[in-house]
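Remarks on the overall topology
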Amino acid sequence: MSLLNLLLHPEALDLVYFTIIGVLFSLFVSFLPALHIYNILGIFLMIVLKFEAGMSGMQLVALCTGMVVGYSILNTVPATYFGPGDESLSYYVLPSAHWVAMGRGYESVILTGVGAVGGLALLAISAPVFLWVLPGLKSITSPHMFWIIMAVISYILMSEWPKGVSQSKSTWANFFEGWKFLSVGLLTFFLSGVLGFIVMSKTLVPLEFAFQSITPVFVGLYAIPWLITNIINAGTIPHQHECRSLDLDWDLFSRGIFGGFLGGFFAAFVPIVTAGIGGLMAGHATAQRDSRLFVMSYGTCKTVYYVGSFMLFFIPGLSLTRGGLAWIVTPVVATLTMKEYALFVGMMLVATGASFLLLMPFTRACIRLVEWVDYHLISWVAMFITLPMVYYFTGWGGIAIMTVATGIGLLPVLFQARRMNLMGVLLLPVALNMAGYGNDVLRLLGLL
Amino acid sequence: MKGFTHFISGIAVASFFPQAVHMASQEQSFILCLGGVFGILPDTLDFKFARYFHTSDFEVRPDPNDLDARIIARTVAESMEKAVKDGRSTVQLHTMQLGSNLWRSYTLGFDSKTNEVVVELGPLVDTGQVPFEGTEPKDPEKLSARVKVSAPFFQEFDKKSNIAIMSGPCFEFVRRDDGRLEIVFLPWHRTWSHSVTLGIVISLLVALVSYLVVPEGPNPAMYTVPRWLLYPLIVFLGSLVHIVEDSTGFMGNNLFWPFTKDRTSGLGFMSAAEAIPNFFFVWTSIVCILFNLDRFRWAPDQVAAGIPHPETFFFWFYAVPVAVMAYFFLKGKHEKDARKAERKEVDFDSPTASERETDASIV
């Protein structure tokens, strides 16, 4: 009740409005297909900077909270029907594509929505526990973060199993067939890593848009390859059934939320690790198999990752800045007390309710759109929006980076390797820089 | 066990060495990752190498244009008869890929009550193993087959195999002293790669290299293990923990290959694909890693402990979660046993959990 009193106090009521505005903004940006969360944050930052003077610090926080909660719940819809914009989404999109192919895309979206709401509820319940646990966890893990990221890299690379189906009499032919996929995965990871080093050390993006320097990389690695795949795909999207109930029981619900929460929290806490990676590891740690479990757990994982990383910023005394949003609000939030933390949790819950209410009509609208307009055409339109946007923000330099990234991003698509390997673009440079080997690699690449 | 379980257990084992933790926090060393890498290595060797170089006496390559369950069943039975005569025989079953995302499925079972090989042709499926209803072959003569084998047989997994996507399974038939045939699933798995012998050999090689190239680190008097010895120890214990974890399941390992010829049966406490046992090992590893990183932190007199009260930490973060896991595990086991007692017969109707598994390492 005290949280509700705090939130509904006339002094704080404006925060509810700003939270709702944030959710509505997320509805708009979620509809832009194939955009990465970092691209969204860049757009958000540009808009917010124009109005920043007229807003108090907490109003900006409310806007950001509404935006990130709304985006984490609503962006599943365009990702399901039009294609994913980032690694966290692409982890989910392949299984969800099966559901769409069976006419069950609506059910898949609602399942992720349920997972997201469950994850946010668990995040709110855990809020007092975080106060007790996270300072200790931070002090233990801080000196070890670089090897934890390297362990994540090692696991990603070692846990991809061969997919070859060669039935040749020659054992070597079978071996090479199996290793074709694994080699492409390794190649993708290391090429992405080299691209990451280049972009981070000598970006071609104009200085005034330096905060968007990663945009062309992610558009190239994730968005463009997916749009190309959509455009050349000969298939059609079947009629989508709008279910009235979900095939879900409490056992499945709790397992999905638990696994997703673990993955999302890990991704939120460890720098550079994303929901896709956290979800993969948590899925393996909890031995998930059921596709419903996977889809719902993904919803939890992605939401806990996006929102949880922002939430860490508000924990008094923790000083943990993870994710772009935390950096945006850092200059305007002078002090962090229990009041701000409680307000954040309250705003998060308001945004959760508003976003979930919007989820069903938004999904129906997207279904109408894909049934009414050929999705090939939608993909073309998305392509024609994305390319000029990249040029506008990052110039010809950005287009050049995007083109190279697209080449790398097409590798896992063409050879059916894990798209997660593309995260080498951040994982490899960050892990090696944190360990102090970054300059050696830059020298080796002739960049220093 | 899942690859991730082995991986994190390997890291946990490495974290028990104070010098390794100090090397990580003070010298930016990746030594703790070494435990994880060698923790998952036995499965990597099997699924990325050994499987390709295993040759079979018989191969089943069903013709999608002339499907006949009898041909498949007869080939498998023929392999079993060879084992009756010669002592051992292997058969590799192949899948049928009809398109980029289209496969014909079939199932193979061994009915030990009637001594029959049972094959049933299934529907078309996509790569996600989603069946297309009504695509089963129509000819009832060729749809299913049962072929009798002259010797009785037994197997650890009394379930049928669903052969649908990617690579098909391989079976070995071994004649035992009592005249019965043992059916060994994936004979190339958990053999030399999962042996203590290989762990020792690799660690000796690592020891040789590290003895020559690893210099003595700072403050050697602080540690009981010299730095060069740390590497082979982590390598050996990382692979050993994998073997120990796998031994808690049913399939077991060939512990002392090449001195022992066959896999020793596992303890059968749990199935490698089950969620709770996997998570139990993962959680135990996480708790150990955090506890070790904290107690072996550099300059403990100057840096406050992240875990100020270990008893409270272990109670809330280990005893309570393990009690919850034990409750749900035993409850699930009880329900499973009740279902088994009700059914009484071999389940020939649904693929096992491991057959639906996406992480190959758990089988």
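This brings us to the nonpolar core. Grouped together as the largest cluster of nonpolar side chains are 171 residues, with contacts concentrated most on Ile149, Val152, Val307 and Leu427 of chain A together with Ala20, Leu34 and Ile234 of chain B. No other element matches the 15 residues that helix 15 (residues 338-372) of chain A contributes to this core. Formed by 35 residues, the second largest nonpolar core is a distinct cluster that contains Val125, Val149, Ile165 and Leu181 of chain B.

Hydrogen bonds between backbone groups are what pair the strands of a sheet, and the pairing can be parallel or antiparallel. Residues and elements named next belong to chain B. Here 5 strands make up an open sheet; going across it, the order is 1-2-9-10-7 and the pairing mixed. The outermost strands of the open sheet, each flanked by one partner alone, are strand 1 (58-60) and strand 7 (153-155). Adjacent strand axes in the sheet meet at a mean angle of 25 degrees when their direction is disregarded. In the sheet, strand 1 pairs with strand 2 (residues 88-93) via 3 bridges, with the strands oriented parallel. Its bridge partner being in strand 2, Val60 is matched across the sheet by Leu93. Lying on the sheet, helix 4 (residues 69-86) is in contact with strand 1, strand 2, strand 9 (170-175) and strand 10 (181-185); it crosses strand 2 at an angle near 160 degrees.

This part takes up unusual backbone geometry. Note the cis peptide between Trp257 of chain B and Pro258 of chain B, where omega equals 5 degrees. Here Pro258 of chain B lies in the loop between helix 7 (227-247) and helix 8 (275-295). The backbone of Ile272 of chain A shows a phi angle near 75 degrees, a positive value even though the residue is not glycine. As for its placement among the helices and strands, Ile272 of chain A is situated in the loop between helix 11 (250-269) and helix 12 (275-285). A positive phi angle, close to 60 degrees, is found at Asn115 of chain B, a residue other than glycine. Structurally, Asn115 of chain B can be placed in the loop between strand 4 (102-111) and strand 5 (116-125). Its 18 C-beta neighbours within 10 Å are what place Asn115 of chain B among the partly exposed residues.

A separate point is the interface of chain B and chain A. Residue-level contacts link 45 residues of chain B with 34 residues of chain A. Elements supplying a minimum of two residues to the side of chain B that touches chain A: helix 1 (3-14), helix 2 (18-27), helix 3 (31-53) and helix 8 of chain B. Broken down by class, the residue content of the side of chain B that touches chain A amounts to 24 nonpolar, 13 polar and 8 charged.

This part takes up the confidence of the model for chain B. All names here are of chain B. Overall, the prediction assigns chain B a mean pLDDT of 89, with 93% of residues at 70 or greater. Here helix 5 (residues 140-143) stands out as the least confident element of chain B, with mean pLDDT 87; helix 6 (residues 196-213) is the most confident, with 97. In this model residues 345-363 is a low-confidence stretch, pLDDT under 50, and it forms 39 contacts with partners more than four residues away in sequence or in other chains. With pTM at 0.90, the complex prediction returns an ipTM value of 0.89.

A separate point is the pairing of strand 10 of chain B. Residues and elements named next belong to chain B. The sheet contact formed by strand 7 and strand 10 spans 3 bridges and is parallel. Looking at the pairing, Phe153 lines up with Leu181 of strand 10. Bridge analysis of strand 9 against strand 10 gives 5 bridges, and the strand direction is antiparallel. Residue pairing across strands places Phe171 opposite Phe185, the latter belonging to strand 10.

Let us now look at helix 1 of chain B. The end-to-end C-alpha separation of helix 1 of chain B is 17 Å, in line with the 16 Å expected for 12 residues at 1.5 Å each. Buried residues dominate helix 1 of chain B, accounting for 12 of its 12 residues. Residues of helix 1 of chain B that are buried: Gly3, Phe4, Thr5, His6, Phe7, Ile8, Ser9, Gly10, Ile11, Ala12, Val13 and Ala14 of chain B. If you follow the buried residues of helix 1 of chain B, they end up packed against helix 8 (145-158) and helix 12 of chain A together with helix 2, helix 3, helix 7 and helix 8 of chain B.

Right, let's talk about the packing of helix 12 of chain A against helix 13 (residues 291-312) of chain A for a bit. All names here are of chain A. The N-to-C vectors of helix 12 and helix 13 enclose an angle of 130 degrees; their axes lie 9 Å apart at closest approach. What the angle tells us is that helix 12 and helix 13 run oblique. Two packed elements cross with a definite hand, and for helix 12 against helix 13 that hand is right-handed. Facing Ala275, Gly278, Gly279, Ala282 and Gly283 of helix 12, the residues of helix 13 in contact are Phe294, Ser297, Tyr298, Cys301, Lys302 and Tyr305. Split by residue class, the contact of helix 12 with helix 13 holds 6 nonpolar, 4 polar and 1 charged.

Glancing now at the pairing of strand 9 of chain B. Residues and elements named next belong to chain B. Where strand 2 meets strand 9, 5 bridges bridge the pair, whose relative direction is antiparallel. The residue of strand 9 that forms the bridge with Val91 is Phe171. Connecting strand 9 to the next strand, strand 10, in antiparallel fashion are 5 residues, including Gly179 with a positive phi near 90 degrees.

A large share of helix 12 of chain A lies buried, amounting to 11 of its 11 residues. Just beyond helix 12 of chain A, the residue with positive phi is Ala287 of chain A, at close to 50 degrees.

With that out of the way, let us pick up the packing of helix 8 of chain A against helix 17 (residues 424-435) of chain A. Packed helices, taken two at a time, are described by the angle their axes make and the gap between the axes. Residue and element names in this part refer to chain A. Running from N to C, helix 8 and helix 17 cross one another at 150 degrees; their axes reach a closest spacing of 8 Å. Here helix 8 and helix 17 pass one another in a crossing that is left-handed. Contact residues: Met145, Phe146, Ile149, Met150, Val152 and Ile153 in helix 8; Leu427, Leu428, Val430, Ala431, Met434 and Ala435 in helix 17. Grouping the amino acids of the contact of helix 8 with helix 17 by side-chain chemistry returns 12 nonpolar, no polar and no charged.

Cut-offs and rules
- Residues numbered from 1 in each chain as written.
- Chains lettered and ligands numbered in written order.
- Predicted model: local features only at pLDDT ≥ 70, side-chain atom pairs only at ≥ 80, totals over all residues.
- Core = buried A, V, L, I, M, F, W, Y, C linked by C-beta atoms within 7 Å.
- Buried ≥ 20, exposed ≤ 12 C-beta atoms within 10 Å, placed from the backbone.
- Helix = DSSP H or I, 4+ residues; strand = E, 2+ residues; numbered from the N terminus.
- Pairing = 2+ DSSP bridges.
- Axes fitted to C-alpha atoms, helices over the stretch in contact; angles between N-to-C directions.
- Contact = placed C-beta atoms within 7 Å.
- Nonpolar A, V, L, I, M, F, W, Y, C, P; charged D, E, K, R; others polar.
- pLDDT = per-residue confidence, 0-100.
- Expected span 1.5 Å × (residues − 1).
- Parallel < 35°, antiparallel > 145°, perpendicular 65-115°, else oblique.
- Left-handed = near helix turned anticlockwise from the far one by under 90°.

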